[in-house]
Amino acid sequence: MAVENAHELDDPALVRALRALGDPTRFRMVQEVAAGGELCCGEVAERFDVTQPTISHHLKVLYVAGVLSVRNQGKHRYISVNQPLLASLANLLPARLMPAPQRPRLARPRS
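Residues numbered from 1 in each chain as written. Predicted model: local features only at pLDDT ≥ 70, side-chain atom pairs only at ≥ 80, totals over all residues. Heavy atoms only, no water.

Caption draft 1: Highlighting helix H5 (residues 83-97). Helix length check: H5, at 15 residues, gives a terminal C-alpha distance of 22 Å against a target of 21 Å (1.5 Å per residue), a fit within 8%. Among the residues of H5, those classed as buried are Leu85, Ser88, Leu89 and Leu92. (Helix = DSSP H or I, 4+ residues; strand = E, 2+ residues; numbered from the N terminus. Expected span 1.5 Å × (residues − 1). Buried < 20%, exposed > 50% of the residue type's maximum accessible area, 1.4 Å probe, protein only.)

Caption draft 2: Main features of helix H4 (residues 52-64). Here H4 spans 18 Å end to end across 13 residues, near enough to the 18 Å set by a 1.5 Å rise per residue. Buried-residue contacts for H4 involve helix H1 (11-21), helix H2 (24-36), helix H3 (41-46), strand E2 (68-73) and strand E3 (76-81). Glycine 66 sits one or two positions beyond H4 and adopts a positive phi of about 90°. (Contact = heavy atoms within 4.5 Å.)

Caption draft 3: Molecular detail of the pattern of salt bridges. Taken as a whole and assessed by the stated rule, the structure comprises two salt bridges. Between glutamate 38 and arginine 71 there is a salt bridge, with the nearest N and O atoms lying 2.8 Å from each other. Within this pair, whereas glutamate 38 is found in the loop between H2 and strand E1 (39-40), its partner arginine 71 is found in strand E2, the two being separated by 33 residues in sequence. (Salt bridge = Lys/Arg side-chain N within 4 Å of Asp/Glu carboxyl O.)

Caption draft 4: Here's a closer look at the state of the cysteines. Inspection of every chain in the model, using the stated rule, returns zero disulfides. Unpaired in terms of disulfides, cysteine 41 finds its nearest cysteine sulfur in cysteine 40, a separation of 6.9 Å. (Disulfide = S-S within 2.5 Å.)

Shown next as structure tokens:
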């Protein structure tokens, strides 16, 4: 259930992506994949000192959150960073955390 259109992230999708990136191991995985451009699952596993099931779990969390994209080719799965989503996060986060523009208060009628 990867996020397709990053420009239309609703609040739950935004939180899911931020939560996925909030784990230090997953954040490092995204950094490694970004540095490699595109890596197969085995190449990701080689870069970390954790078990294969742990690698698979972290990659799944990142994929479901839309942070990573997966391309299947034969028996291999190639992983890349969903750059549009990350760019969208960088743009949307400040806007979503800023208060709404102040509306002028209407004068209360005097009694």
